[in-house]
Amino acid sequence: VGDQTVTLGIWDTAGSERYEAMSRIYYRGARAAVVCYDLTDSSSFQRAKFWVNELQNCEEGCRIYLCGTKSDLLEEDRRKRGVDFHDVQDYADEIKAELFETSSKTGQSVDELFQKVAEDYVHFTAFQVMTEEKGVDLGQRSGAYFYSCCHH
Ligand SMILES: Nc1nc2c(ncn2[C@@H]2O[C@H](COP(=O)(O)OP(=O)(O)OP(=O)(O)O)[C@@H](O)[C@H]2O)c(=O)[nH]1
């Protein structure tokens, strides 16, 4: 990212709610979470919402990335789509998450997803360091630190 190298440590947790307590051990303190669902399976999107709620309740500093998987199957046949893109986009907006549709088979959008995770990490960490060092004047609407955050 820019001239910085970001090393991501990635933990693949169990997707089932049954392993909720164990998964929490893995994602505790995480700065980013890629919550995956199968684009051809609407029930998997409902399960993804469960994990989003968990993250929102337990991990305040964790940015959420929604990731619809198996996009290659939709390329083959659009009728296989089980989760409406606009519904997910509305949900992503509501929870302030980024949305990606990827394929592990073809690699579609996988690099873009992790590039965005790394970029956001760098930008938001820089912003946090600046605000921690200087403090935030809530009365000041266009402080220099806000501009520098957005222009990094
Ligand atoms: N066509 C296609 N199949 C995929 C893709 N990703 C995974 N699969 C298939 O989906 C099935 C489940 O994949 P996994 O990677 O085990 O899924 P998982 O979400 O890690 O499963 P959990 O272990 O329950 O968390 C396997 O049969 C994979 O081959 C993809 O991008 N495209």
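Cut-offs applied
- Residues numbered from 1 in each chain as written.
- Predicted model: local features only at pLDDT ≥ 70, side-chain atom pairs only at ≥ 80, totals over all residues.
- Heavy atoms only, no water.
- UniProt positions renumbered as here; feature names shortened; annotations may be inferred.
- pLDDT = per-residue confidence, 0-100.
- Helix = DSSP H or I, 4+ residues; strand = E, 2+ residues; numbered from the N terminus.
- Expected span 1.5 Å × (residues − 1).
- Buried < 20%, exposed > 50% of the residue type's maximum accessible area, 1.4 Å probe, protein only.
- Arc of directions from axis to C-beta.
- Contact = heavy atoms within 4.5 Å.
- Disulfide = S-S within 2.5 Å.
- Near = heavy atom within 4 Å.
- Polar contact = N/O pair within 3.5 Å; in protein donor to acceptor, adjacent residues only side chain to side chain.
- Areas by Shrake-Rupley, 256 points an atom, 1.4 Å probe, with all protein chains shown as cover.
- Axes fitted to C-alpha atoms, helices over the stretch in contact; angles between N-to-C directions.
- Parallel < 35°, antiparallel > 145°, perpendicular 65-115°, else oblique.
- Left-handed = near helix turned anticlockwise from the far one by under 90°.
- Nonpolar A, V, L, I, M, F, W, Y, C, P; charged D, E, K, R; others polar.

Going by what an unreviewed UniProt entry lists, the chain is known as Ras-related protein Rab-24 and is assigned to Athene cunicularia. Checking UniProt for the chain, the heading Catalytic activity (unreviewed entry) contains the comment "GTP + H2O = GDP + phosphate + H(+)". Taken verbatim from the UniProt record of the chain, the Sequence similarities (unreviewed entry) comment is "Belongs to the small GTPase superfamily. Rab family."

(A) Representation of the confidence of the model for the chain in the model. Mean pLDDT for the chain: 86, with 83% of residues reaching 70 or above. Across the interface, the model reports ipTM at 0.94; the global pTM reads 0.84.

(B) Representation of helix α2 (residues 42-58) within the structure. Compared with the 24 Å implied by 1.5 Å per residue over 17 residues, the 25 Å span of α2 between its first and last C-alpha is a close match. Those residues of α2 not exposed but buried are Ser44, Phe45, Ala48, Trp51, Val52, Glu54 and Leu55. Buried positions in α2, seen along its axis, are confined to an arc of 165 degrees and lie on one side of it. At its buried positions, α2 is contacted by α1 (20-27), β1 (32-38), β2 (63-69) and α4 (85-94).

(C) Expanded view of the state of the cysteines. Counted by the stated rule, this structure contains 0 disulfides. In this structure cysteine 67 is a free cysteine whose sulfur lies 4.1 Å from that of cysteine 36, the closest cysteine sulfur available. Of the residues examined, cysteine 67 reaches a relative accessible area of 3% and is grouped as buried.

(D) The arrangement of the site of the ligand in detail. Around the ligand, the neighbouring residues are Gly15, Lys70, Asp72, Leu73, Ser103, Ser104 and Lys105. Contact between the ligand and aspartate 72: a nitrogen atom at 2.8 Å from a side-chain N or O atom of the residue. At 3.3 Å, a backbone N or O of lysine 105 approaches an oxygen atom of the ligand. Bound to the protein, the ligand loses 37% of the 650 Å² it would expose on its own.

(E) Geometry of the packing of α1 against α2. Direction vectors running N to C along α1 and α2 enclose 55 degrees, while the axes themselves pass 12 Å from each other. It follows from the interaxial angle that α1 and α2 lie oblique. Our pair here, α1 against α2, has a crossing hand that is right-handed. Two secondary-structure elements touch here, α1 through Glu20, Ser23, Arg24 and Tyr27 and α2 through Phe50, Trp51, Glu54, Leu55 and Cys58. In terms of residue class, the contact of α1 with α2 is built from 5 nonpolar, 1 polar and 3 charged.

(F) Inspection of the environment of glutamate 112 at higher detail. By secondary structure assignment, the location of glutamate 112 is in helix α5 (residues 110-134). Among the residues examined, glutamate 112 registers a relative accessible area of 47% and is labelled partly exposed. Spatially, the C-alpha atom of glutamate 112 lies 8.5 Å from that of phenylalanine 100, the residues being 12 residues apart in sequence.

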